[in-house]
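Residue strings, one per chain:
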Amino acid sequence: MNLIPTRDEIREVAEQIRPSIEKVAVKKGWALNDNKDITNSTIEGIARNKLVYGKRFCPCRIPTGDAEADKIYLCPCRDSAADIEAFGHCHCYLYFKKE
């Protein structure tokens, strides 16, 4: 666990996890945000959390440190499907309902 990952470390991990993020979208019938800046920033936030906390937590959620309780914050988080259905996108604006 690294409390202050470098920009290069974050980008490296972001590129490693990007394919699985894309795979989740395909599997669930979702789309990634068309705004590449938001998509890249959100994936980098997930990568940062992977480096800091050891897990791919959503960047818009703050883990408590309780491993069992924090499972709901793993991306895609527990609320993502309901948010996408209700609002057309998840809280982080990473995943969207396909049109």
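Structure shown above.
These numbers were taken from a predicted model, which means no experiment stands behind them.

Each value, and the rule that gives it
Residues numbered from 1 in each chain as written. Predicted model: local features only at pLDDT ≥ 70, side-chain atom pairs only at ≥ 80, totals over all residues. Heavy atoms only, no water. Helix = DSSP H or I, 4+ residues; strand = E, 2+ residues; numbered from the N terminus. Rg over C-alpha atoms; globule rule 2.2 N^0.38 Å. Buried < 20%, exposed > 50% of the residue type's maximum accessible area, 1.4 Å probe, protein only. Areas by Shrake-Rupley, 256 points an atom, 1.4 Å probe, with all protein chains shown as cover. Axes fitted to C-alpha atoms, helices over the stretch in contact; angles between N-to-C directions. Parallel < 35°, antiparallel > 145°, perpendicular 65-115°, else oblique. Contact = heavy atoms within 4.5 Å. Nonpolar A, V, L, I, M, F, W, Y, C, P; charged D, E, K, R; others polar. Core = buried A, V, L, I, M, F, W, Y, C linked by side-chain atoms within 4.5 Å.

Colleague: Looking at this structure, how should I read the overall build of the protein chain?
Modeller: Within the protein chain, the regular secondary structure consists of four helices and two strands. Its helices and strands taken in sequence order, the protein chain reads α-β-α-α-α-β from the N to the C terminus. Computed over the C-alpha atoms, the radius of gyration of the protein chain is 13 Å, within 12% of the 13 Å expected from 2.2 N^0.38 for a compact globule of 99 residues. Expressed as a percentage of the 99 residues in the protein chain, the buried residues total 35%. When the accessible surface of the protein chain is split by element, carbon and sulfur atoms take 53% of a total near 6300 Å².

Colleague: Help me understand the packing of helix H1 (residues 7–28) against helix H2 (residues 36–53), please; the structure alone is not making it clear to me.
Modeller: Between H1 and H2, whose axes approach to 8 Å, the crossing angle comes to 110°. Comparing their axes, H2 and H1 come out roughly perpendicular. Judged by residue contacts, Arg-7, Glu-9, Ile-10, Arg-11, Val-13, Ala-14, Ile-17, Arg-18 and Ile-21 of H1 engage Thr-39, Asn-40, Ile-43, Glu-44, Ile-46, Ala-47, Arg-48, Lys-50 and Leu-51 from H2. Class assignment of the residues belonging to the contact of H1 with H2 gives a composition of nine nonpolar, two polar and seven charged.

Colleague: Teacher, can you tell me more about the nonpolar core here?
Modeller: Nonpolar side chains in soluble globular proteins tend to end up buried together. Membership of the largest hydrophobic core comes to 19 residues, with the highest contact counts inside it found for Ile-21, Cys-75, Leu-94 and Tyr-95. Residue assignment for this core shows that the elements contributing at least two residues are H1 and H2. If you tally residues by element for this core, the top one is H1, at seven residues.

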